[in-house]
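Here are the chains, one letter per residue:
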Amino acid sequence: MIERIWSGRSWLYVLLLPLSALYGLISGLRKLSYKLGLQRSWKAPVPVVVVGNLTAGGNGKTPVVIWLVEQLQQKGYRVGVVSRGYGGKSEYYPLLVADEVTTAQAGDEPVLIRRRTGVPVAVAPKRADAIKALLAHTPIDIVITDDGLQHYALQRDYEIVVIDGTRRFGNGCWLPAGPMRELAGRLNTVNAIIVNGGTPEASELPMTLKGELAVNLLTGETRTVSDIPNGVAMAGIGHPPRFFATLQQLGATLQETHAFADHQSYEKSQLLALANSQQNLLMTEKDAVKCFQFAQPNWWYLPVSAQLPEGKGQKMLSDIRALLPSQSTL
């Protein structure tokens, strides 16, 4: 129902417009208070790159963060990542994500990012606290924040907005009548706009998510998706249909699909009920990081990587590298 309302296919959004107006007023006043200095924002001693979005729900931010980390690592930079840690609850903050830290503590994206890249990752509701923890823990040249575009308590040097190219901005209304955290005019003030799928506009960088080999959660074996028979797909992400469509494009034969809420936590019995021993359960990597402890032989996940055009992607990287002094490279 919420998808229909936010997309403009249901008139029920009109009933929520007063709440949206209140949301817009409060968020606007909060942003203005930082601009006028009524609330203080913190400036990190190293460059900060924010990867965020204007809408609620998953747009592909985390693959962009991983792509940036990998690109900067290849140039010799020491990268750290900070996150709010949505879906996790720790006894204390800031929390440095180590091998023993679970998704229940840190949230799924921070655990996924550390697992994929190996870079230091810290979680805290106040991103400034997370950055301070990183800098106290290890030398860092640059910090990337996974989400946090609207976290104006932290100053930033470069802003990247990721847009779902299929859904874009729906009906264009503020939450809860529409999907918008900030209105589309905010795009005029950011440094780069990346569009995940769909048809990008002239000023936007097109991105695709590429994944070919599924990985077995229990053994680490890899197979092409088309070689995994009797598939049952599940996804607890911002837009599950995108994952199901990706599997089908890769040649998967899906007998069933199961969509869960974003940041959904799982129990072993819950997932065992989805696929029997003659079937194979296919999930996203974001789901998999929550399931390794009770993985079964017939469970697979599909890692995906962001693909950006060589020219525009390298131009964005050059702009980010320009924020860094040359002596910060190893």
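Quick notes on the rules
Residues numbered from 1 in each chain as written. Predicted model: local features only at pLDDT ≥ 70, side-chain atom pairs only at ≥ 80, totals over all residues. Heavy atoms only, no water. UniProt positions renumbered as here; feature names shortened; annotations may be inferred. Axes fitted to C-alpha atoms, helices over the stretch in contact; angles between N-to-C directions. Helix = DSSP H or I, 4+ residues; strand = E, 2+ residues; numbered from the N terminus. Parallel < 35°, antiparallel > 145°, perpendicular 65-115°, else oblique. Left-handed = near helix turned anticlockwise from the far one by under 90°. Contact = heavy atoms within 4.5 Å. Salt bridge = Lys/Arg side-chain N within 4 Å of Asp/Glu carboxyl O. Buried < 20%, exposed > 50% of the residue type's maximum accessible area, 1.4 Å probe, protein only. Pairing = 2+ DSSP bridges. Arc of directions from axis to C-beta.

Within an unreviewed UniProt entry, the label attached to the protein reads Tetraacyldisaccharide 4'-kinase, and the organism entered is Xenorhabdus hominickii. Under the UniProt heading Pathway (unreviewed entry), the entry covering the protein gives this text: "Glycolipid biosynthesis; lipid IV(A) biosynthesis; lipid IV(A) from (3R)-3-hydroxytetradecanoyl-[acyl-carrier-protein] and UDP-N-acetyl-alpha-D-glucosamine: step 6/6."

S.K.: Describe the packing of helix α3 (residues 61-74) against helix α10 (residues 310-321), listing the residues and the values that go with them.
M.R.: In the contact formed by α3 and α10, the axes pass within 11 Å of each other and the chain directions differ by 70 degrees. Relative to α10, the element α3 lies roughly perpendicular. Judged by the twist between their axes, the crossing of α3 over α10 is right-handed. Each of Trp67, Leu68, Gln71 and Leu72 in α3 lies in contact with α10, whose residues at this interface are Gly313, Gln314, Met316, Leu317, Ile320 and Arg321.

S.K.: Describe the pattern of salt bridges, naming the residues involved and giving the relevant values.
M.R.: Counted under the stated rule, the structure contains 19 salt bridges. For arginine 186, the salt bridge is made with glutamate 159, and the minimal N-O distance between the two is 2.8 Å. Pair noted here: arginine 186 is in the loop between β6 (158-164) and β7 (192-196) and glutamate 159 is in strand β6, with a separation of 27 residues, a long-range link. As far as burial versus exposure is concerned, arginine 186 and glutamate 159 are alike and both buried. We note a salt bridge from glutamate 204 to arginine 168, for which the minimum N-O separation is 2.8 Å. Note that glutamate 204 is positioned in the loop between β7 and β8 (205-210) and arginine 168 in the loop between β6 and β7, a separation of 36 residues in sequence. Salt bridges sharing partners connect three or more residues here, namely Lys31, Arg156, Glu159, Glu182 and Arg186.

S.K.: Hey, could you go over the sheet that holds strand β13 (residues 280-284) for me, with residue numbers and the actual values?
M.R.: The sheet built from six strands is open, its strands ordered β10-β9-β14-β13-β11-β12 with mixed pairing. Every interior strand has two partners, whereas the edge strands, β10 (222-224) and β12 (254-259), have only one. Neighbouring strand axes in the sheet, compared pairwise and without regard to direction, differ in orientation by 30 degrees on average. Where β13 meets strand β14 (residues 299-302), four bridges bridge the pair, whose relative direction is parallel. Bridge pairing in β14 links leucine 282 to tryptophan 300.

S.K.: Quick one: what's the story with helix α7 (residues 240-249), residue by residue and with numbers?
M.R.: Every buried residue belonging to α7 is among Pro240, Phe243, Phe244 and Leu247, and all of these are buried. For α7, the arc enclosing every buried residue in end-on projection is 100 degrees, short of the 170-degree limit, so these residues lie on one face. Its buried side turned inward, α7 meets β11 (231-235), β12, β13 and β14. Looking one or two residues past α7, glycine 251 carries a phi angle of roughly 95 degrees, positive in sign.

S.K.: Explain unusual backbone geometry to me, and be specific about the residues and the numbers.
M.R.: Here tyrosine 93 and proline 94 are connected by a cis peptide whose omega angle stands at 0 degrees. Relative to the elements of secondary structure, proline 94 occurs in the loop between β2 (79-83) and β3 (95-96). The peptide bond linking leucine 175 to proline 176 adopts the cis configuration, its omega dihedral lying at 0 degrees. Relative to the assigned elements, proline 176 resides in the loop between β6 and β7. With a phi angle near 75 degrees, aspartate 147 is a residue other than glycine that sits in the positive phi range. By the element assignment, aspartate 147 lies in the loop between β5 (142-146) and β6. Here aspartate 147 falls in the buried class, since its relative accessible area comes to 5%. Of note in this structure, arginine 168 is not a glycine but carries a positive phi near 45 degrees.

S.K.: Which residues make up the sheet that holds β3, and what are the values?
M.R.: The strand order β3-β4-β2-β5-β1-β6-β7-β8-β15 describes an open sheet built from nine strands, whose pairing is mixed. The open sheet has two edge strands with one neighbour each: β3 and β15 (305-307). The pairing of β2 with strand β4 (residues 121-123) spans three bridges and is parallel. The residue bridging valine 81 from the neighbouring strand is valine 121, located in β4. The sheet contacts of α10 involve β1 (48-52), β5, β6, β7 and β8, and relative to β6 the element is tilted by about 150 degrees.

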